[in-house]
Amino acid sequence: MPRTISKILIANRGEIACRIIRTCQRLGIDTVAVYSSVDRYARHVALADAAECIGPPAPEKSYLNSDAILAAAKKHAVDAIHPGYGFLAENADFAQACADDGLIFIGAPVAAMRLMASKSAAKNTLQAAGVPVVPGYHGDNQGSDVLFREAEKIGWPVLIKAVAGGGGKGMKVVHNADEFHEALASAKNEARKAFGDDRVILEKFITRPRHLEVQIFSDQHGQHVHLFERDCSAQRRYQKIIEEAPAAGLPAKTREAMLQAALKVAKAVDYAGAGTVEFILDADNRFYFLEMNTRLQVEHRVTELITGTDLVAWQIQVAEGRPLPLSQDAIACCGHAIEARVYAEDPDNDFLPSVGVLDRVQFPPHQSGRLLVDSGVRQADRISVYYDPMIAKLVVWGETRENAIAAMNQALAETLISGVKTNLASLGEVLNNPLFLDNCLYTNAIDQGVLDGDTMDEMPLPHFMAAIIAHQLHAFDDSAMASEAAPIAWALFGPDWRPLTLRHQDRLLQIAYRIANETLFIRSLAQTILSEDGQAEPLTDLTGRFSWPLDWDFKVHEAPEAYHVIIGHHRQVFEKQRHDSVAQADGDARLVLAPMPGELLQVFVKPGEKVEQGQTLAVMEAMKMELSLKAPRSACIDTVHHRPGDILQAGDVIFTLKPDESDVDSLQGEAS
Ligand code: ADP
C-alpha cells in the first residue's frame with residue numbers, strides 16, 4: 001500500500017539539503033532541517049519550514065548522531081527522513097533504526113546497503129551474477145604472504161583497496177614486488193584509522209582509466225531503469241571535480257553493454273531507489289564494475305538535465321511505494337550536461353581546504369534549464385573546518401558538448417568568490433585542457449601533473465592584456481576615449497594611446513595601448529602592487545609588442561565584472577576597473593584608491609563618519625584635471641590615509657571603509 005509522505009526531515013546540510021528542500025516545496029511537502037550549532041544561520045535552516053539543533057559542530061555529535069536525528073524526527077512528527085549524500089546516507093544501521101521507529105528512510109534497502117558497504121562481498125556477488133569486475137583478489141585470507149602471492153598472480157601494477165573503503169582512502173598503487181609490503185602496511189593503517197577495518201582487496205591497476213557510472217532507479221515492485229551514464233574521469237586524489245553526461249566518444253556497443261550491466265547489478269541486489277553503478281573503462285574500452293553507491297550522488301544534476309527529470313521527486317515517489325514515474329522507453333537523453341564542483345581549497349597548497357568567511361559570493365545571474373547553481377552558502381557565511389568545503393556546484397546544459405563547455409566557461413567567468421581560496425581557476429584549466437576537450441582525460445591525469453607548468457608565470461601578462469584588447473577593442477574605443485585616464489596616456493606617450501585599467505590578483509594594472517602598422521604596442525602607464533598595508537610598489541614587466549590582428553588561439557569570456565582569458569592551457573582572471581570618477585575600490589569595496597597619479601586637494605570626511613553611496617569623499621588633481629572621488633557603497637569610514645597636499649600614485653589607498661555588515665544582519669533577521 002503506498003504511504004503518502006507529507007513531511008520530511010533532511011538529515012544533512014549544505015547544498016544537498018537546500019536542493020532537497022526545493023523539490024519538497026514544489027511538491028507541497030513540509031520540511032524539517034537539522035543543524036549543528038555552527039550552522040544556526042546556514043542557508044538550509046533558513047529555507048526549511050522548521051529546524052532543530054542536533055548538537056555541536058563535530059559531525060559525529062550532530063549530522064552523524066542518529067539518536068539526536070531520530071528524536072528530532074519524532075518531535076516534528078515527520079513521515080520520512082532524506083539523508084542526502086555522505087553522513088548517514090549509506091549507513092544501514094541508521095536506515096534500520098528509521099524503519100524500527102516507523103519512519104520511511106528515503107534511500108536504499110538495508111540489505112543492498114550492507115552488501116555494497118563491503119567491496120569484497122559486492123564484487124564476489126556481482127561476479128557470480130555475470131557482471132565484469134576488475135581482475136583481482138577479493139578473498140578472506142588476509143595474510144601478507146597470501147596477498148603478496150595473489151598480487152604477483154594479478155601482475156604489476158596492483159591497486160590495494162580497503163574492503164570498507166570510500167573517498168579514495170586506504171588505496172595504494174604498487175608498481176612492483178619491492179614496493180608491496182610497505183604499501184600494504186600503509187593501506188592497512190589508513191583503512192584501520194578511517195573505517196575501523198583493515199581488510200583489503202587487490203585489483204589489477206588499470207593505467208589511464210576513465211571513470212564511467214550509470215544512474216539507475218528501481219521501485220519496490222521489481223522495476224529497474226537506467227538514466228544513462230556519466231563520465232567522472234576528471235578527478236584529483238581519486239575524487240571527482242568535473243562530471244558530465246552522457247560520456248563522450250564511447251562506442252555505442254560498449255555504452256549499451258555497460259547500461260545493461262548496471263541493470264543487472266540492480267536486479268542482482270533487488271534494489272529500490274536511486275543508485276549509481278560505477279565502472280572503470282580501460283584503454284581498450286573494456287569496462288569493469290568498481291562499486292555501487294546506494295544513494296543520490298553529488299553529480300545527479302547532470303543526469304537530470306539530459307533526461308528532464310527531478311531525481312529527488314523520483315526518490316520520494318519510490319519511497320512512498322509507488323511505481324517508477326517513467327518506463328525505460330520513455331526516458332530519453334537530450335543534449336549534454338557538465339557539472340563543476342567549486343571548492344574552498346588552496347591550489348598553491350596541495351588543494352587543502354581553505355577556511356574563512358566568504359566576503360563575496362556571486363554566481364551567474366540567470367538560472368534556467370541551461371544553468372543551475374546548487375549552493376548551501378551565502379555571502380558572509382563561514383567555511384569551517386568541520387565539513388566538506390564544497391561551495392557550490394555549477395551545472396550547465398548545451399545542445400552539444402562544445403556548447404556545454406562554452407556555457408561552463410561562461411559560468412566560471414561569472415562566479416566571483418572572495419574571502420577563501422578556491423579551485424575556480426583550476427576547474428577552468430581542466431575544462432580547457434586538450435585531454436578533456438578530446439575526451440581522453442583519465443582519472444589520474446591531474447594527479448600526474450597534466451595541468452602543471454600551466455601557471456601564469458610562463459605566459460607574460462601582456463599576452464593576456466593583448467587578448468582582452470583584441471576581444472574588447474570596440475567597446476574600449478568609446479569608453480577609453482571618454483575616460484579621465486585618457487589624457488594621462490596621451491600626455492605620456494602621444495595622442496593615439498588608449499588607457500586600460502584592470503585588477504589582477506593583488507595588482508592594479510594601468511596600461512596604455514596603441515595599434516599602428518599592424519602592430520599592437522602595450523606600455524605600462526602606472527603599475528602598482530597593492531600590498532596588505534595599501535603601499536604601492538612599481539612593476540616593470542608590462543611592456544609588449546604583438547602582430548596585429550592577433551593570430552593566436554585565445555578565448556576571452558566577459559562577465560559583468562571580469563574578463564577570463566584562456567590562452568592554450570593558461571587561464572587568468574582580470575577584474576574590470578572603471579575609469580570614471582567613482583573612486584576605484586578594491587574587490588571587497590573596502591578600499592578607496594587613487595585612480596591615477598596626482599595631488600590630493602581636499603578631503604571631506606573623517607574616520608567614523610557614515611557616507612552614502614556616490615557621496616564625494618575627496619577631490620584630487622591630476623594632469624590639470626580635477627577628479628571627485630566618490631564612495632563605492634554606503635559605509636562607515638574606517639581610516640583616512642592621506643591629507644590634502646599629499647602626492648599620490650595610482651592605486652594608493654586613500655580611505656578604508658568598514659566591512660559591510662548588512663549581509664550578516666539580514667541573514668540573522670531571516671533565520672530567526
Ligand atoms: P572509493 O570507494 O574510495 O571512492 P573506488 O573503488 O570507487 O574507491 O575508486 C575511486 C577511484 O579510484 C576511481 O574513480 C578510479 O579513478 C580509481 N580506481 C579504482 N580502481 C581502480 C583500478 N583498478 N585501476 C585504476 N584506477 C582505479
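Note that the structure is a prediction, hence the values are computed from the model and not measured. (Residues numbered from 1 in each chain as written. Predicted model: local features only at pLDDT ≥ 70, side-chain atom pairs only at ≥ 80, totals over all residues. Heavy atoms only, no water.)

### Regarding a nonpolar patch on the surface
Taken together, the side chains of V38, V355, V385 and Y386 present a nonpolar region at the surface, about 360 Å² in accessible area. Tracing the sequence through the fold places V385 in the loop between β21 (382-383) and β22 (390-398). (Patch = residues over 30% accessible without salt bridge, like charges linked within 9 Å, V, L, I, M, F, W, Y side chains within 5 Å. Areas by Shrake-Rupley, 256 points an atom, 1.4 Å probe, with all protein chains shown as cover. Salt bridge = Lys/Arg side-chain N within 4 Å of Asp/Glu carboxyl O. Helix = DSSP H or I, 4+ residues; strand = E, 2+ residues; numbered from the N terminus.)

### As for the packing of aromatic side chains
Taken as a whole, this structure holds 12 aromatic pairs when the rule is applied. Here the aromatic rings of F148 and W156 are separated by 6.2 Å at their centres, their planes lie at 45°, and the arrangement is tilted. Geometrically, the ring pair formed by W156 and F180 is tilted, given 6.0 Å between the ring centres and 55° between the ring planes. Of this pair, W156 sits in the loop between α7 (144-154) and β7 (158-162) while F180 sits in helix α8 (residues 180-195); the two residues are 24 residues apart in sequence, bridging distant segments of the chain. (Phe/Tyr/Trp six-rings, centres within 6.5 Å; stacked < 30°, edge-to-face > 60°.)

### Looking at the sheet that holds strand β3 (residues 50-55)
Pairing in this open sheet of five strands is parallel, and the strands run β3-β2-β1-β4-β5 from one edge to the other. At either end of the open sheet lies a strand with only one pairing partner, and these are β3 and β5 (104-105). Direction of pairing for strand β2 (residues 30-36) relative to β3: parallel, over a ladder of five bridges. Bridging from a neighbouring strand, A33 pairs with A51 of β3. Of the strands in this sheet, β1 (7-10), β2 and β4 (80-82) touch helix α1 (residues 14-27), which is tilted by about 175° from β1. Strands in contact with helix α3 (residues 66-75) are β1, β2, β3 and β4; relative to β3, the strand with the most contacts, it is inclined by about 155°. (Pairing = 2+ DSSP bridges. Contact = heavy atoms within 4.5 Å. Axes fitted to C-alpha atoms, helices over the stretch in contact; angles between N-to-C directions.)

### Focus: the pattern of salt bridges
Applying the stated criterion to the full structure yields 34 salt bridges. In this structure, the salt-bridge partner of E304 is R301, at a minimum N-O distance of 2.8 Å. Pair noted here: E304 and R301 are both in helix α10 (residues 300-307), with a separation of three residues, about one helical turn. Neither E304 nor R301 differs from the other in exposure class; each is buried. Three or more residues are tied together by salt bridges with common partners; here these are E15, R19, R26, R301, E304, D310, D374 and K393. (Buried < 20%, exposed > 50% of the residue type's maximum accessible area, 1.4 Å probe, protein only.)

### A closer look at the environment of G170
For G170, the position within the fold is in the loop between β7 and β8 (172-174). Assessed through its relative accessible area of 0%, G170 is described here as buried. Separated by 20 residues in the primary sequence, G170 and E190 place their C-alpha atoms 5.1 Å from one another. Beyond its immediate sequence surroundings of up to four residues, G170 is in contact with I160, K161, A162, A187, E190 and A191.

### Things to note about the side chain of E15
Here E15 is to be found in helix α1. Given the relative accessible area of 6%, E15 is considered buried. Of note is the side chain of E15, whose polar atom sits 3.1 Å from the side chain of K393. Those residues in contact with E15 that sit more than four places away from it in its chain are Y85, D374, S375, G376, M390 and K393. (Polar contact = N/O pair within 3.5 Å; in protein donor to acceptor, adjacent residues only side chain to side chain.)

### Quick look at the site of the ligand
Taken together, 22 residues form the shell around the ligand, and within it K119, K161, G168, H211 and E291 come nearest. The side chain of Q235 places a nitrogen or oxygen atom 2.9 Å from an oxygen atom of the ligand. Surface burial for the ligand is 96%, taken as the share of its 550 Å² of free accessible area covered by protein chains. Of all elements in the fold, only β7, β9 (200-204), β13 (273-281) and β14 (287-293) reach the threshold of two or more residues within the shell around the ligand. Of the residues assigned to the shell around the ligand, the class counts are nine nonpolar, seven polar and six charged. (Near = heavy atom within 4 Å. Nonpolar A, V, L, I, M, F, W, Y, C, P; charged D, E, K, R; others polar.)

### Some points on the sheet that holds β13
The strand order β14-β13-β10-β11-β12-β15-β22-β20 describes an open sheet built from eight strands, whose pairing is antiparallel. The strands lining the two open edges of the sheet, one partner per strand, are β14 and β20 (371-375). Ignoring which end each strand starts from, the neighbouring axes of this sheet average 25° apart. Where strand β15 (residues 336-343) and β22 come together, eight bridges link them in antiparallel fashion. Counted as the bridge partner of R341 is K393 from β22. Along the sheet face, α10 touches β10 (210-218), β11 (224-236), β12 (239-245), β15, β20 and β22 and points at about 20° away from the line of β22.

### Focus: the side chain of H82
Following the sequence through the fold, H82 ends up in strand β4. Only 2.7 Å separates the side chain of H82 from the side chain of Q315, close enough to count as a polar contact.

### Comments concerning the packing of α3 against helix α4 (residues 92-100)
Packed helix pairs are specified by the crossing angle of their axes together with the interaxial distance, meaning the distance between the axes. Two elements in contact, α3 and α4, have axes separated by 11 Å at closest approach and are oriented at 30°. Considering their axes alone, α3 and α4 lie roughly parallel with respect to each other. Pair α3 / α4 crosses with right-handed handedness. Contacts between α3 and α4 pair S66, I69 and L70 from the former with F94, A97 and C98 from the latter. Here the residues of the contact of α3 with α4 sort into five nonpolar, one polar and no charged. (Parallel < 35°, antiparallel > 145°, perpendicular 65-115°, else oblique. Left-handed = near helix turned anticlockwise from the far one by under 90°.)

### Considering the confidence of the model for the protein
Across the protein, the average pLDDT comes to 86, with 87% of residues at 70 or higher. Ignoring residues within four places in sequence, the model shows residues 477-482, a span with pLDDT below 50, making eight contacts including any to other chains. Across residues 579-588 the pLDDT falls below 50, and counting only partners more than four positions away or on other chains, this stretch makes 34 contacts in the model. (pLDDT = per-residue confidence, 0-100.)

### Quick look at α4
By the burial criterion, the buried members of α4 are A92, F94, A95 and C98. Take α4 and look down its axis: the buried residues cluster within an arc of 165°, on one side only. Residues of α4 that are exposed and angled more than 90 degrees away from the buried face: D93 and D100. On its buried side, α4 packs onto α3, β4, β5 and α5 (110-116). (Arc of directions from axis to C-beta.)

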